[in-house]
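Here is how the chains run, residue by residue.
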Amino acid sequence: MLEALGLKASEEATYRSLIATPAATADLATALSRTPASVEEDLTTLIGRGLVSRLTGTPVRYAAAPPSVALGGLLTARREELRTAELAIVALAEQHRMAATDRAAGDLIEVVTGVEAVRQRFLQIQWAARERVRSFSTAPFVAVPPSDNTAEDRGVDRGIEYQVVIERDVLTTPGVAAGTIDSIRKGVQVRVADKLPIKLMMADAELALVPLATEPGGEPAAVLLHRSGLLAGVEALFEAVWQRSYPLRADALGVLEEEREGVISELDRKILALLLAGLTDEAVAGQLDLSLRTLQRRLRALMDLAGARTRVQLGWHAARNNWA
């Protein structure tokens, strides 16, 4: 657990044992089921780090320094190291951007081949983002399923703005709806489109990963684009699709909760939101665990309540009255 502070597992075990009770070296070796020589080596290291002190008297005894003081100092030192590394990364990134103007055309495009290589670039692009990550999500998921995108949570925690456009059919994939709920609730902006032209992952206006089409059973590949006119075109494509896509709310897909006071219930709001996103009656019923008959009965009741003769009129009324 304390390896992040530079302690080996054996050193941590020795320190924890001393936290519980000061002991002689022989007692520690017995308690830890280790040789006295190995325990003595750990104690020497811990003393050098200021985590343990040797007490006077006979037999030789040791005491652990208070964790809040000793470990707090190590934590501060490690934070400073990470801060220094972060500044070095910023400097290298700036140097990389300045050198981009002198690159040959071939240096602006990198072909990445293989599942693991594509996966690494997919995550690295998000780690490299300083302000915004934009992506198109389409099925099938070959290299990185949505549930494996560990970089998203870290990016959101760093204050990175995420904008994701999901192809409508993806919402019917098992597990995707639940993952989308979590993402929206964490601050990710999600919109739905009927069809997306490509898969895409883009960091700021600096990098973009565009998967290449592969034959069934073939090895996945992708193109990594650096800042260039081609990347600017991809960025313009994203913005055009984003503007035409339908915003998705978390409560449109969420688990049914207690009905709120008001004209319509929470379930009705979810039904309307999914229908406005373009899902079929069958898909909506499946997402909300309803029978098709129940769904259509509730829609009929909503149309009566809104005084609507068609679903188009119902959608207009729902938008105007903030029903979805």
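Residues numbered from 1 in each chain as written. Predicted model: local features only at pLDDT ≥ 70, side-chain atom pairs only at ≥ 80, totals over all residues. Heavy atoms only, no water.

The name given to the protein chain in an unreviewed UniProt entry is Helix-turn-helix domain-containing protein, and the organism recorded there is Nonomuraea insulae.

Would you mind showing me how to read the overall build of the protein chain here?
Along the protein chain, the regular secondary structure elements total twelve helices and ten strands. Residues counted as buried form 40% of the 324 residues belonging to the protein chain. Total accessible area computed for the protein chain in this model is approximately 18200 Å², and 55% of it derives from carbon and sulfur atoms. (Helix = DSSP H or I, 4+ residues; strand = E, 2+ residues; numbered from the N terminus. Buried < 20%, exposed > 50% of the residue type's maximum accessible area, 1.4 Å probe, protein only. Areas by Shrake-Rupley, 256 points an atom, 1.4 Å probe, with all protein chains shown as cover.)

I'm lost on the pattern of salt bridges in this one. Help?
Close approach of charged atoms allows side chains of opposite charge to pair. Throughout the structure, instances matching the rule amount to eleven salt bridges. Between aspartate 42 and arginine 34 there is a salt bridge, with the nearest N and O atoms lying 2.5 Å from each other. A salt bridge links arginine 227 to glutamate 206, with the nearest nitrogen and oxygen atoms 2.3 Å apart. Taken together, the residues span a long stretch of sequence, with arginine 227 in the loop between β9 (221–226) and α8 (229–244) and glutamate 206 in the loop between β7 (200–203) and β8 (207–212) at a distance of 21 residues. (Salt bridge = Lys/Arg side-chain N within 4 Å of Asp/Glu carboxyl O.)

What exactly am I supposed to notice about the nonpolar core here?
Within soluble globular proteins, side chains that are nonpolar tend to cluster in buried spots. In terms of nonpolar packing, the biggest core is built from 47 residues, with Leu209, Leu314 and Trp323 touching the most fellow members. At five residues, helix α11 (residues 292–306) tops the list of elements feeding residues into this core. Membership of the second largest hydrophobic core comes to 17 residues, among which are Leu2, Leu18, Tyr62 and Leu71. (Core = buried A, V, L, I, M, F, W, Y, C linked by side-chain atoms within 4.5 Å.)

Looking at this model, I keep getting lost on a nonpolar patch on the surface. Mind explaining?
A surface patch of nonpolar side chains, about 340 Å² in accessible area, is lined by Ile109, Val111, Leu212 and Leu230. Inspection of the secondary structure assignment puts leucine 230 in helix α8. On the basis of relative accessible area, leucine 230 is assigned to the partly exposed category, the value being 46%. (Patch = residues over 30% accessible without salt bridge, like charges linked within 9 Å, V, L, I, M, F, W, Y side chains within 5 Å.)

Help me understand the environment of glutamate 116 in this model?
Structurally, glutamate 116 can be placed in helix α5 (residues 115–128). Taking the C-alpha atoms as reference points, glutamate 116 and proline 220, separated by 104 residues in sequence, lie 9.3 Å from one another.

Looking at this structure, how should I read the pairing of β7?
The side chains of a regular strand alternate, residue by residue, between the two faces of the sheet. Neither face of β7 is left uncovered, since the one carrying Leu200 and Met202 and the one carrying Met201 and Ala203 both have all their residues buried. When β7 meets β8, the two strands line up antiparallel, connected through three bridges. By the bridge assignment, methionine 202 is partnered in β8 with alanine 208. Counting the residues that bridge the hairpin from β7 to β8 gives three residues, and of these aspartate 204 lies at a positive phi of roughly 50 degrees. (Pairing = 2+ DSSP bridges.)

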